[in-house]
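As a plain string of letters, each chain reads:
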Amino acid sequence: MPKAAAERAKQIVAEWGHDLIRGWNKGWWEAPARVGDKIGQLIGAAPGQVVVSDTTSINLFKLATSAITLQPNKTRIITDTFNFPSDLYILQGIKNLLSSGGRVAPHDRSGAYRDHEIIRIGATDNDITPNLAQLESSINYNTSLVTLSHVTFKSGYIYDMQRITDLAHSKGALVLWDLSHSVGALPIHLDDCNADLAIGCTYKYLNGGPGAPAFLYVNKNIQKKLTSPIWGWWGQNNPFDFGLNYEPAPGAQKFLVGTQPMLSLLTMEASLDSILNTGMDAIRAKSILMTDYASYLTETWLAPLGFSLGSPLDSAIRGSHISIRHTDGYRINRALIEEMNVIPDFREPDNLRLGFAPLYTSFTEIREGFDRIKRVLVEKRYDKYPKQKLTVT
């Protein structure tokens, strides 16, 4: 939690108590676009293409549905088994919504309804690297959308955004990138890559805190072509005219829906300043050194104790987290959290995910953290913990 964000939270609560609804004319109403443009600086997006809104999953629903229905005669949706499960669930829900069972699916000239098909690309090496050859062969002229996590949530593999975007465009498909595990951790160049759409959360490397709103990006070149599937008053052209018929706002603004969570949004805004002041190139340079060091400690300290590295060795295709794998990973994770003040994530089936935030994590802390992991193994501290999992892992 950034100190600036904690201080800002106190100010916002005081402003709320004093100003009441007057706060909307003191910067609250413009906050989704203003903060969106700040995030745009981190992801290579010119102003007017990013807004802060809702959750990552809801933003995925809005953008993916918009992209899929833009080309109703194309029925193939490409993703992969590396994608965050929530993203896959949203795609499955969209497929169901547009299916013949829902009676709202696109249809051909004969009047027959056409179901969409979700293709999930698999792995090539023990769930570390996606099968790029399979991905390339799966994208065809019947593909409406390719949607992937820029940095995969388990192994930390980085997709080549330019290559995948160009490949999809060569077949007439749109591309939607989930930036949740890359924004704030490495430079992203959405405009330069001519990416179509993107979403992301703000509570990881952007330090937005629990419940902080997500963001979405819509390339200015396709904004007029797309229609949001959810028509809300924040996406209305002149919302305070209170007209009874919806008229979409221009640009990415049309993808806003309802009133934004202003306390968490403005708190998150305060956390962005340190990232913007540091610069993504400097952050990425330290991130590479940190994950290289962590990979080295995994191979030299932990591998003899049964761990293996679950992330790419090549830093050019690795984000700012690594996974280390062990058959007793869950119980080791519990021991680290309960006894050692080391807080990883456990991800099925055997992954402990370690995130390195370059702004505030030190190399000394990495060494100490790995020493504590080693002690949990050597001292068998994990033996006392059950294999039955808690609700949040």
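First things first, this report covers the structure right here in the doc. (Residues numbered from 1 in each chain as written. Predicted model: local features only at pLDDT ≥ 70, side-chain atom pairs only at ≥ 80, totals over all residues. Heavy atoms only, no water.)

### Focus on the environment of Ile-324
To keep it simple, the criterion reads: Secondary structure elements are taken from DSSP: a helix is a run of H or I of four residues or more, a strand is a run of E of two residues or more, and numbering for both begins at the N terminus. Residue contacts are counted whenever heavy atoms from the two residues lie within 4.5 Å of one another.
Relative to the elements of secondary structure, Ile-324 occurs in strand E9 (residues 321–325). Considered as a pair, Ile-324 and Gly-310 are 14 residues apart in the sequence and their alpha carbons are 5.2 Å apart. Contact partners of Ile-324, with chain neighbours within four places excluded, come to Thr-298, Leu-302, Phe-307, Ser-308, Gly-310, Asp-350, Asn-351, Leu-352, Leu-354 and Ile-373.

### Focus on the pairing of strand E5 (residues 174–178)
Within a regular strand, side chains alternate between the sheet's two faces. Heads up, the condition is: To sort residues, take the accessible area from a 1.4 Å probe on protein chains only and compare it with the maximum for the residue type: under 20% means buried, over 50% means exposed, and anything in between is partly exposed. At least two DSSP bridges between two strands are required for those strands to pair. By convention a crossover is right-handed if, when the strands point away from the viewer, the path from the first strand over the helix to the second runs clockwise.
Within E5, 5 of the 5 residues are buried, which leaves the element mostly enclosed by the surrounding structure. Judged by which residues are buried, E5 turns out to be covered on both faces: Leu-174, Leu-176 and Asp-178 on one side and Val-175 and Trp-177 on the other are all buried. Taken together, the 5 bridges between strand E4 (residues 143–149) and E5 define a ladder with parallel strand orientation. Bridge assignment links Ser-149 to a residue of E5, and that residue is Asp-178. For the handedness criterion, the β-α-β arrangement of E4, helix H6 (residues 161–170) and E5 is classed as right-handed. As paired elements, E5 and strand E6 (residues 197–200) share 3 bridges and run parallel to each other. Paired with Trp-177 across the bridge in E6 is Ala-198.

### Brief notes about H6
As a reminder, the rule being used: For this quantity, the arc is that covered by the directions from the helix axis to the C-beta atoms.
Those residues of H6 lying buried are Met-161, Ile-164, Thr-165, Leu-167 and Ala-168. Around the axis of H6, the buried residues are gathered within 160° of arc, so they sit on the same side. Here the buried face of H6 lies against helix H5 (132–138), E4, E5 and helix H7 (190–193). Looking one or two places after H6, you find Gly-172, whose phi comes out positive at around 80°.

### Observations regarding the sheet that holds strand E1 (residues 50–52)
Rules: Throughout, an axis means a line fitted to C-alpha atoms (over the contacting stretch in the case of helices), and angles, computed between N-to-C directions, take values from 0 to 180 degrees.
Strands sit in the order E1-E7-E6-E5-E4-E2-E3 across an open sheet of 7 strands; the sheet is mixed. A single partner strand is all that each edge strand has here, and the edge strands are E1 and strand E3 (117–121). Taken over all neighbouring pairs, the strand axes of this sheet differ in orientation by 15° on average, direction set aside. Against the sheet, helix H3 (residues 56–70) touches strand E2 (76–80), E4, E5, E6 and strand E7 (215–218), its axis set at about 165° to E6.

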